[in-house]
Every structure is written in structure tokens, then in C-alpha cells.
Amino acid sequence: IGKWNYFRNILFWETLEVLFSSLRIVITYVLALEIAFEYFLQYKPGIGKEIYLSYHAGDRQPETFAGILIVALFGIISIKILVIISNYKLKWKTQI
């Protein structure tokens, strides 16, 4: 078996499981860092800055919880989409 066939038929499919697991972890970190950098860099207004400002305003608790809920739902939906794709590509290994 040649190197290209070994990579295409065996090695590529074996590394996909680790790749999808890593992507699930990366999505969580990216969402957290995006919210933190959005406030600290103050580049443009967004959900992270709104969560922070509404939290520190004191009287805008519904906006704070709504922002947190939106970010949480976006993360859950992103991970579920990734799990659906990985279950389709990795038919022999289903993820929950």
C-alpha cells in the first residue's frame, strides 16, 4: 500500500475523531474569548459588551441574562451541528 492510499484510506479517517472532538472544545473557548475581547478591545459594540455593560448598570438584569442565554444557545447549537456532522462522517462512532 502506498503512502497516499495509506493516508487517504486509513490515517485520514482515524484522525477525524480527534479532529471533531477538538473542534467541540475549541468552539467553547472561541465563544468565551470573543465575548472577553469584545469588551476589552472595545472595537465595536456586540453581545459581549452589552452583557458587561448591562451587568454593571445594576438595573438591567433581564438584558444580562438574555445576552448570556443567547451566547449559550449559540454554543449549544454550534456543538450540536458539529456532532451531527461528525455522526454523519464517522458512522462507526456515534457521539452524544
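Higher on the page you've got the structure.
Along every chain, residues carry numbers that run from 1 in the direction the sequence is written. The predicted nature of this model means local features are confined to residues of pLDDT at least 70 and side-chain atom pairs, given and counted, to a pLDDT of 80 or more, with totals for whole chains, interfaces and linings taken over all residues. Side-chain calculation: all heavy atoms of the structure are included, whereas hydrogens and water are not.

(A) Broad picture of the packing of aromatic side chains. Pairs were defined over the aromatic rings of Phe, Tyr and Trp, the Trp ring being its six-membered one, requiring ring centres within 6.5 Å. Orientation was assigned from the angle between planes: stacked under 30 degrees, edge-to-face over 60, tilted for the rest. A full pass over the atoms with the stated rule returns three aromatic pairs. Ring plane angle 35° and centroid distance 5.9 Å describe the contact between Trp4 and Phe7, whose orientation is recorded as tilted. Residue Trp4 and its partner Phe7 are located together in helix α1 (residues 3–41), separated by three residues, close to a single helical turn. Residue exposure (1.4 Å probe, protein chains only): buried if accessible area is under 20% of the type maximum, exposed if over 50%, otherwise partly exposed. Here Phe7 falls in the partly exposed class, since its relative accessible area comes to 38%. Ring plane angle 80° and centroid distance 5.2 Å describe the contact between Phe12 and Trp13, whose orientation is recorded as edge-to-face. For Trp13, a relative accessible area of 32% corresponds to the partly exposed category. Connected via pairs of aromatic rings, a cluster forms that spans Trp4, Phe7, Phe12 and Trp13. Secondary structure follows DSSP: runs of H or I at least 4 residues long count as helices, runs of E at least 2 residues long count as strands, and numbering of each begins at the N terminus.

(B) The arrangement of α1 in detail. The terminal C-alpha atoms of α1 lie 47 Å apart, and with 39 residues this falls more than 12% below the ideal 57 Å at 1.5 Å per residue. What the bend at a residue measures is the angle between two axes, fitted to the seven residues ending there and to the seven starting there. Of all the bends in α1, the greatest, near 40°, is centred on Leu11. Looking only at α1, the buried set comprises Leu16, Phe20, Leu31, Glu38 and Tyr39. Just past α1, the residue Gln42 takes up positive phi, approximately 50°. To estimate the expected span of a helix, subtract one from its residue number and multiply by 1.5 Å.

(C) Structural detail: the packing of α1 against helix α2 (residues 47–57). For the pair α1 and α2, the least separation of the axes is 7 Å and the interaxial angle reads 70°. Relative to α2, the element α1 lies roughly perpendicular. Facing Ile35, Glu38 and Tyr39 of α1, the residues of α2 in contact are Ile47, Gly48, Lys49 and Tyr52. Each residue is assigned to one of three groups, with Ala, Val, Leu, Ile, Met, Phe, Trp, Tyr, Cys and Pro labelled nonpolar, Asp, Glu, Lys and Arg labelled charged, and all others, Gly among them, labelled polar. Residues belonging to the contact of α1 with α2 are distributed by class as follows: four nonpolar, one polar and two charged. Angular values range over 0 to 180 degrees, each being the angle between N-to-C directions of two axes fitted as lines to C-alpha atoms, with helices fitted over their stretch in contact. Any angle that is under 35 degrees is reported as roughly parallel, and any over 145 degrees as roughly antiparallel; angles of 65 to 115 degrees are reported as roughly perpendicular and all others as oblique. Throughout, a contact is declared for two residues whenever any of their heavy atoms are within 4.5 Å.

(D) Structural context of the side chain of Ser86. Examined against the element boundaries, Ser86 turns out to sit in helix α3 (residues 61–89). The buried category is assigned to Ser86, whose relative accessible area is 1%. Contacts described as polar in this section are N or O atom pairs within 3.5 Å, which, within protein, must combine one atom able to donate a hydrogen with one able to accept it, while residues neighboring in sequence count only if both atoms come from side chains. Separated by 2.9 Å, the side chain of Ser86 and the backbone oxygen of Val83 make a polar contact.

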